[in-house]
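# Observations on the three-dimensional arrangement
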Amino acid sequence: MNEHNITSNNYLSLDNGKDTKTIVKIPLGTDFNTVLEDSNATIESGFLMNLNYERKQSQPALMLKEVTLINPGEIFAIVALPGTGKSMLMEFFISVMLAAKHNIDTDTGGFNFILPTGKNALYIDAERTHDDCRDGFDRIYRRLNIHLRPNLLDNDSAIKGLNLYCFIELETIEKRRAALELHIENGNYAFVIIDGILEFSPLNDEIISAESIRWIRALANKPGKEFAVILTMHPNKGTETMAGHLGAFLYRYCRACFIIKKHEYNPEIKLMTNNFPQGKLSHGGGEVRALFKWCDEKKMLMPVCDEPEKPTKNNDSEIQIIKEIFNEFKIKGQQIVPASKLKQSIMEKTGKQIKTASNYIQTAIVLEIIARIGNGKNSTYKLTENLTNND
């Protein structure tokens, strides 16, 4: 039966009839029937599509400014460096979901979460400590003014419609996967947020990385329990590309992919956008953006409506300080200034903190006074008038 022979090395999931599955490697040239006989298993045949199939989803799951991001059963990937506030923005998402569920008036930042009646949200934090998760829960509580709505708390002082689990004490991938499957099986969710997908899969194992994303997608499409998925992941160091094989497969299978980063005109504003090399928006066209800024009074990131204006050359004092520093380095025979030394020099001249120094540098970049060479800790800066074709 040569027509059944495997023509390349492959992996196959076999159902052995005992509510468990076995992953077996199929060597080149092996006959399918031999595999089935040896394993005493059957192959799941998948779903045969025809015109009699009736669509299950009549509306999207998540929209941003009237653009569909994902439908039920689909994945929304969010890329962010550590420290950019991604977990706090996931808390914001949860708050907007719960506001929709409980008819609470809140600033949605342009996001629209559609929760069918009776459906809830599951938030898995796989990275932060219990204390950090408790702080996150408190921010959700304050965003929704739950103190004015005590009826939204259940007997365990949890917010109705939300199950928030901290997975930091689950030390293996297998335990984290089993716990996630248990919660999904026992719940009725419209949305599942997994903050830290890397905790559920090896980063650089190509086969397991592919299987991990397919596993998430399969969970989200189980008949009768379909839900939308929001996953977060870090990029490779110094880039905007999702890390490893896991990132490559996540990009392939997600329907929307956004990045969180500093706004080019105002570093104090966080920008969430699909305008980056791995940006993706399968259900819409063009760029879609959302803005957030830290609020000292509320101690959390809040939505911002208006785009910051591009700096003008009225920033004479900032630009003059930058040029003075480069002239000082030029006297020493240096035209290229390391990022750390430029920040330190600005701080010494102005008496300001590193945050202000970073703003000075960003303004000079936007005004094309200086250009950055390289990324990360090894980045350097050079006056644009001294750039060469090799820079």
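Relevant structure appears above.
Okay, so let's go over this structure. As the structure is a prediction and not an experimental result, all values here were calculated from the model.

Quick notes on the rules
Residues numbered from 1 in each chain as written. Predicted model: local features only at pLDDT ≥ 70, side-chain atom pairs only at ≥ 80, totals over all residues. Heavy atoms only, no water. Pairing = 2+ DSSP bridges. Helix = DSSP H or I, 4+ residues; strand = E, 2+ residues; numbered from the N terminus. Axes fitted to C-alpha atoms, helices over the stretch in contact; angles between N-to-C directions. Buried < 20%, exposed > 50% of the residue type's maximum accessible area, 1.4 Å probe, protein only. Parallel < 35°, antiparallel > 145°, perpendicular 65-115°, else oblique. Left-handed = near helix turned anticlockwise from the far one by under 90°. Contact = heavy atoms within 4.5 Å. Nonpolar A, V, L, I, M, F, W, Y, C, P; charged D, E, K, R; others polar. Salt bridge = Lys/Arg side-chain N within 4 Å of Asp/Glu carboxyl O.

### A look at the sheet that holds strand β18 (residues 380–383)
- One open sheet holds the 3 strands; their spatial order is β16-β18-β17, and the pairing between them is antiparallel. This sheet does not close on itself; its edge strands, each paired only once, are β16 (336–338) and β17 (370–373). Strand after strand, the sheet turns through a mean of 30 degrees between neighbouring axes, direction not considered.
- As defined by bridge partners, β17 adjoins β18 across 4 bridges and the pair is classed as antiparallel. Among the inter-strand pairings, I370 is bridged to a residue of β18, identified as L383.

### Focus on the sheet that holds strand β3 (residues 62–64)
- Strand order in this open sheet of 3 strands is β4-β3-β6, and the pairing throughout is antiparallel. Strand pairing shows two members of the sheet lacking a second neighbour, β4 (67–70) and β6 (111–113), which therefore form its edges. Sheet twist, expressed as the mean angle between neighbouring strand axes with direction ignored, is 30 degrees.
- In terms of strand pairing, β3 meets β4 through 3 bridges, oriented antiparallel. Counted as the bridge partner of L62 is I70 from β4.

### So, unusual backbone geometry
- Phi is positive for E66, which is not a glycine, with a value near 70 degrees.
- Relative to the assigned elements, E66 resides in the loop between β3 and β4.
- For N103, which is not glycine, the phi dihedral falls at a positive 55 degrees.
- Within the secondary structure layout, N103 lies in the loop between α2 (86–102) and β6.
- Residue class for N103 comes out exposed when judged on its relative accessible area of 73%.

### Section: the packing of helix α4 (residues 173–186) against helix α5 (residues 206–220)
- The geometry of α4 relative to α5 is characterised by a closest axis approach of 11 Å and an angle of 15 degrees between their N-to-C directions. In terms of their interaxial angle, α4 and α5 are classed as roughly parallel. For the element pair α4 and α5, the recorded crossing hand is left-handed. Listed contacts from α5 to R177, L180, E181 and I184 of α4 are I208, E211, S212, W215, I216 and L219.
- Among the residues making up the contact of α4 with α5, the classes are represented as 6 nonpolar, 1 polar and 3 charged.

### Focus on the pattern of salt bridges
- Enumeration according to the criterion identifies 16 salt bridges in this entry.
- Between K349 and E324 there is a salt bridge; the shortest N-O distance is 3.7 Å. Of the two residues, K349 is situated in helix α8 (residues 339–350) and E324 in helix α7 (residues 316–331); the sequence distance between them amounts to 25 residues.
- For K349, a relative accessible area of 37% gives the class partly exposed.
- Shared partners join several salt bridges into a network, and the residues in it are E91, D125, R128 and R139.

Worth remembering: the numbers are spatial, not functional.
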